[in-house]
Amino acid sequence: MYKYAPHLAVIFAALLWSIDALLRQSLYTLPALLIISIEHGLGALIFIPFLKKYWDDIKGLLQSGWISILWISLLGGMGGTYFYTKALSYVGYIDLSIVVLLQKLQPVFAMSLAAIILKEKLSKKYILLAFLAIIGGYLVTFGKNSVPNWDDNTLIAALLALLAAFCWGSSTAIAKKALVSLHYSAVTGLRLALTTLISLIIIIIFNFDILNVDISLNQWSMIIIIVLSSGTFALFIYYYGLNKLPASHTTLFELFWPLSAVIIDWIRNGEPLAFMQLLGAALLLLSTTLLAHENSNE
């Protein structure tokens, strides 16, 4: 059972990310950049003991390692969240289908960079399973809905969603490169600290007034809950899984988030899964189960 712990860690992180939007509903009055700063800052404080523990390894990090850490902090921590949030704003936070559709390209970026940068071999069996997993994720998401009409706002949202997919997909491959040199808890702590620093610098330079925004006790409580669940904790267990698995495999296990999101919607609103969604869930479960066995055999 232990050999499947990394796979289950990534799946559990995806489950936590699927409830993240529900947790953030009470934070809609706060600027996104402020939320990013506070959330990552609190997470960085939690990981100070790990940064101290691995400080010698951090000091010995080569230039390529620092570039990897900076990449995942700037693009994974800041860029992906910003582009995704902007994409949602262009479709009014209502018509999410095209945004989610292009997020399905995230594994494509991750797999491509894993092959190019990390020299991971993509076997014919893996490519087939990856194709089935992506189709499964698509069917789970769009089993009931059709793709929207393409107007100007939708085109802009599509471009922004594509940029977000690149940011997060590339961060999977680049983070794997950083994990070669550092323990996953040190990588987590450095990403949180650098993302906090970058976001604060942006706020101070471009919009200092954001720091004067009033935050209610309920909002502070929710931010702490996010840090301990879908934020810092999810990132930590995700990097644990990524440390043990190829980046090209890890990105496919992330596709469990649309499945868990649909199930949560089913439980909350009593919306049963359509046949195509059930078919997509079956494809996703089958492909990732076979993928886990392939990775274990390797």
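Relevant structure appears above.
Residues numbered from 1 in each chain as written. Predicted model: local features only at pLDDT ≥ 70, side-chain atom pairs only at ≥ 80, totals over all residues. Heavy atoms only, no water.

*Asks:* So what's going on with the packing of helix H8 (residues 106-116) against helix H10 (residues 152-178)? Which residues, and what values?
*Replies:* Relative to each other, H8 and H10 sit at 40 degrees, their axes nearing to 7 Å. One finds that H8 runs oblique with respect to H10. The interaxial crossing formed by H8 with H10 has right-handed handedness. On the side of H8, the interface is formed by Gln106, Phe109, Ala110, Leu113 and Ala114, while H10 contributes Leu162, Ala165, Phe166, Trp168, Gly169, Ser170, Thr172 and Ala173. Residues of the contact of H8 with H10, tallied by class, amount to 9 nonpolar, 4 polar and no charged. (Axes fitted to C-alpha atoms, helices over the stretch in contact; angles between N-to-C directions. Helix = DSSP H or I, 4+ residues; strand = E, 2+ residues; numbered from the N terminus. Parallel < 35°, antiparallel > 145°, perpendicular 65-115°, else oblique. Left-handed = near helix turned anticlockwise from the far one by under 90°. Contact = heavy atoms within 4.5 Å. Nonpolar A, V, L, I, M, F, W, Y, C, P; charged D, E, K, R; others polar.)

*Asks:* If you had to explain the pattern of salt bridges to someone new, which residues and values would you point to?
*Replies:* Any two side chains of opposite charge can pair if their charged atoms end up close together. Counted by the stated rule, this structure contains 1 salt bridge. Across the pair Asp56 and Lys59 runs a salt bridge, and its minimum N-O distance is 3.9 Å. Of this pair, Asp56 and Lys59 both sit in helix H5 (residues 55-59), separated by 3 residues, roughly a single helical turn. Here Asp56 matches Lys59 in class, with each residue exposed. (Salt bridge = Lys/Arg side-chain N within 4 Å of Asp/Glu carboxyl O. Buried < 20%, exposed > 50% of the residue type's maximum accessible area, 1.4 Å probe, protein only.)

*Asks:* Account for the nonpolar core, naming residues and giving values.
*Replies:* Among the nonpolar cores identified, the biggest contains 44 residues, and Ile69, Ile72, Leu182, Val187, Tyr239, Leu242 and Leu252 are the most heavily contacted of them. Take this core: its biggest share by element is 7 residues, from helix H13 (residues 232-244). Counting residues in hydrophobic clusters, the runner-up holds 13 residues, among them Leu23, Ile38, Ile223 and Ile226. (Core = buried A, V, L, I, M, F, W, Y, C linked by side-chain atoms within 4.5 Å.)

*Asks:* Could you give an account of the packing of helix H11 (residues 184-206) against H13, with specific residues and numbers?
*Replies:* At a minimum axis distance of 9 Å, the contact between H11 and H13 shows a crossing angle of 135 degrees. Classified by the interaxial angle, the pair formed by H11 and H13 is oblique. Between H11 and H13 lies a crossing whose hand is right-handed. Where H11 approaches H13, its residues Tyr184, Ser185, Val187, Thr188, Arg191 and Leu192 are matched on the opposing element by Thr232, Leu235, Phe236, Tyr239, Tyr240 and Asn243. Broken down by class, the residue content of the contact of H11 with H13 amounts to 7 nonpolar, 4 polar and 1 charged.

*Asks:* So what about the layout of surface pockets? Which residues, and what values?
*Replies:* If you add up the space inside the second largest pocket, you get close to 230 Å³. Lining the second largest pocket are 13 residues, with Leu33, Met78, Gly79, Tyr82 and Phe83 sitting closest to its centre. For the lining of the second largest pocket, the secondary-structure elements that each account for two or more residues are helix H3 (32-46) and helix H6 (63-90). Sort the elements by how many residues they give to the lining of the second largest pocket and H6 lands first, with 9 residues. Its residues assigned to classes, the lining of the second largest pocket shows 9 nonpolar, 3 polar and 1 charged. (1 Å grid on protein atoms, 1.4 Å probe; cavity = no way out; pocket = protein on both sides within 12 Å on 5 of 7 lines; lining within 4 Å. Points joined across faces, edges and corners; volume = space filled by probe spheres on them.)

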